[in-house]
Amino acid sequence: MASIRIRQLQGPELRFATGFDGIDTLVDIDNLWDFFDGMEGFLEVPDASIDLRFSNASVVTCSPFVRFLFSVVLRSADNNILCALSVMAPHEVELTDLHRVAIKEIAGIAIAALRSHDIPVLGLEDTPLKTELATNNLLEMAIQDNDIGTWELDLASGELQWNDVMFELFGGTRGTFGGLEEDWLKFVHPEDVSRVKQELLCALENSATFSSEYRIRNIEGVVKYINAHGTVIRNSIGQPTRLVGSNRDVSDRVLAQVQLQKSERRLRMITDKLPVLIASVDKEYRYTFANNNFDIWYALGGLNIPGHQVPGVIGKTVGEVFETASFNAIKPYIDQAMNGNEVSVELDMPPSNAPPHIFLYCAPELDDRGQIIGVLGLVIDRTAEVQARKKIAESENQLRAITDNLPALIAYVDAEERVRFINRTYCERLKITKEYAIGKTMLEVEGPELHAKRRDFFLRALLGEHVEFEAQYGESSAPVYMQTKLVSDVDPDGQVKGVFKLCTDVSDLKRVEAELRKSARIDSLTGLPNRVQFNESLKLAHDRNIRSGAITALLYLDIDYFKQINDSLGHGAGDSVLSEFANRIKSVIRSTDTAARLAGDEFVVILEDLTCAQQAKTIASKINKIMRAPIWINHDEINITTSIGIAFHRGPATDLNDWISRADRALYRAKAVGRDTFVVESAGF
């Protein structure tokens, strides 16, 4: 800490010295008189140890080894030197303009106080004692005006004298003050008494200056922080006779420092807990602040200081911490911040001791005057995030490779109906590109007509419902059937974020289903309806018959001696005969009539809307006739005939099985009378 002195000068010797706040040593200054005598304004010496003017100054060459000196000469109205206000330190001090102004203001206060009192200032020819007394009075007035308490302890009598400011600090009055050392010590905080006594004893034993900062509890019980300085006064034979010094209330400063320290500790605690690097560097790229993550990340081994840990990067350059390659990667962004810009960037760092992927934020650090003094920086290790994104990208690529080759339309649509994923199959079906689709609404992607058909289903899925539906698109001659599934994407809070959409072209499946349905109702050999479809058709014909009142005839047919054909010519020939038999039936009946194969060589024909029974007999006769024509199979002539039973129905409902039975009985009667004919079952008609 620097020392501030007000000194009355009498030739080259120091006649009086009074300490201000911050004094840590009080020494004689010799060989300076010439400097002060010729000074106009102030004298500032950055480093007296290398200044030839001070080569013989004992305070520079010996203890306390003063290096820095700043003095302001205080002159009387007639320009005589009264004293000098000095700032000294045993180390280099960088004074700011604000510091210089403050010292000059203190000097102004002192000179104003000196000039405002009618106390003569004696010249150099006057006796040193008178000069000292006069100057003491003048400086006491200046000190009183600046709230500095002064005290003097007579070592022989133990008598303690205070100025008025001391009573303002400690409380009480001259009348109530005992005037002894013990009367002062009773105000000192109990926890500080032992230390203060020891500091006084050391000052007396070593003839040193006294400097201390301690707490008092004044007469009103208020705790104050006191900054005290003093020195030992000796007689002509070198024996200590008095202790003189000053006290100043520094409670505001101490409490502010305590609060600042609390804030700094809290700030460091916060920054040390954050999973990031936080630092500041000066214009030489040296770290002036860093959180402890630097030590944790890079095992730098910080410096342990009571109460806290100083990270190992403090004082080092960025290049020394991060190695040259990494420093070169981030230096352009630090320089941008040095020029007053805020910078945010994600970087892939070169191989070094730095994380391979980082987020870097830099901002200029300003002093109280708004001048850039360095850069504040924040580094976030993005390595895990980048690697996670890489894995996600790899997974997405694999997923896309799979989905792009599936015969399905796959998409993800968010809650705003915008496409966030779409596979190649979907794009090819809609004749669009993936780049066009991503970010577009489904209305833009699918078009108004298609979107209108599907939107209600999508809105249901947005409400959390699992939706499935089928729809037909395209021309009726070549329809396209799409099966769509909509699955809600629900977050842990139960909110629907979007919808997964899977559309499958089931046109081929529909055609297969149609074929299966057809094969279940159609006889594969003859192409005629089978028993299943016949039963459905007979029921429909029966119902229409009831409504219309017309005559409906049911013809039951089989091939005479068909077993002999199979046995003699084989089943292949038999199948050919059955197929030709069916074709000949179809050639005779009307388009509104229905022919069917029940099983083996058994066939039936439904004749609807007949006006009389004779119409059925005529058709039966034609069937008998057309069947008599030879059938040529592999150059073999085959002659067949058929027997037919006919059963009619008109009027109220009847049992269908009974109707079929009546026709079957008529068939057997036709066989009984010689075959190749038809017989009508009249019962029920």
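Residues numbered from 1 in each chain as written. Predicted model: local features only at pLDDT ≥ 70, side-chain atom pairs only at ≥ 80, totals over all residues. Heavy atoms only, no water.

This part is about the pattern of salt bridges. Close approach of charged atoms lets side chains of opposite charge pair. Considering all chains together, one arrives at 35 salt bridges under this definition. For Arg174, the salt bridge identified is with Asp164, shortest N-O distance 2.8 Å. With a gap of 10 residues between them, Arg174 in the loop between α5 (164-170) and α6 (181-185) and Asp164 in helix α5 connect regions that are remote in the sequence. On the accessibility criterion, Arg174 (48% relative accessible area) is partly exposed. (Salt bridge = Lys/Arg side-chain N within 4 Å of Asp/Glu carboxyl O. Helix = DSSP H or I, 4+ residues; strand = E, 2+ residues; numbered from the N terminus. Buried < 20%, exposed > 50% of the residue type's maximum accessible area, 1.4 Å probe, protein only.)

Okay, the sheet that holds strand β19 (residues 419-422) next. Judged by pairing direction, the sheet is antiparallel, and its five strands sit side by side in the order β19-β18-β22-β21-β20 without closing on themselves. The open sheet terminates on both sides in strands that have one partner only, identified here as β19 and β20 (467-473). Neighbour-to-neighbour, the strand axes of the sheet open up by a mean angle of 20°, direction not taken into account. When β20 meets strand β21 (residues 480-490), the two strands line up antiparallel, connected through seven bridges. Residue Phe469 lies in a different strand from β21, and its bridge partner there is Thr484. Strands in contact with helix α15 (residues 448-462) are β18 (408-414), β20, β21 and β22 (496-505); relative to β20, the strand with the most contacts, it is inclined by about 175°. (Pairing = 2+ DSSP bridges. Axes fitted to C-alpha atoms, helices over the stretch in contact; angles between N-to-C directions. Contact = heavy atoms within 4.5 Å.)

In total, this model carries 11 aromatic pairs according to the counting rule given. Taken together, a centroid distance of 4.8 Å and an interplanar angle of 35° make the contact between Trp162 and Phe170 tilted. Relative to Tyr214, the ring of Trp184 lies with its centre 6.1 Å away and its plane at 75°, an arrangement referred to as edge-to-face. Here Tyr214 lies in strand β8 (residues 210-217) and Trp184 lies in helix α6, a separation of 30 residues in the sequence. Given a relative accessible area of 2%, Tyr214 falls into the buried group. By way of ring pairs, the aromatic residues Trp162, Phe167, Phe170, Phe177 and Phe187 are connected into one cluster. (Phe/Tyr/Trp six-rings, centres within 6.5 Å; stacked < 30°, edge-to-face > 60°.)

Applying the stated rule across the entire model yields eight cavities of 30 Å³ or more. Put simply, the largest cavity is a space of about 150 Å³. Here the element with the most residues in the lining of the largest cavity is strand β11 (residues 277-282); it accounts for five residues. Looking at the lining of the largest cavity residue by residue, the class counts come to 15 nonpolar, two polar and no charged. Of the voids in this model, the second largest cavity is the one considered here, and its volume is about 110 Å³. Lining of the second largest cavity is provided by 13 residues; of these, Trp151, Leu153, Leu160, Trp184 and Leu200 occupy positions nearest its centre. Listing elements by their share of the lining of the second largest cavity, those giving two or more residues are β6 (149-154), β7 (160-162), α6, β8 and β10 (240-249). When the residues that make up the lining of the second largest cavity are grouped by side-chain class, the tally is 11 nonpolar, one polar and one charged. (1 Å grid on protein atoms, 1.4 Å probe; cavity = no way out; pocket = protein on both sides within 12 Å on 5 of 7 lines; lining within 4 Å. Points joined across faces, edges and corners; volume = space filled by probe spheres on them. Nonpolar A, V, L, I, M, F, W, Y, C, P; charged D, E, K, R; others polar.)

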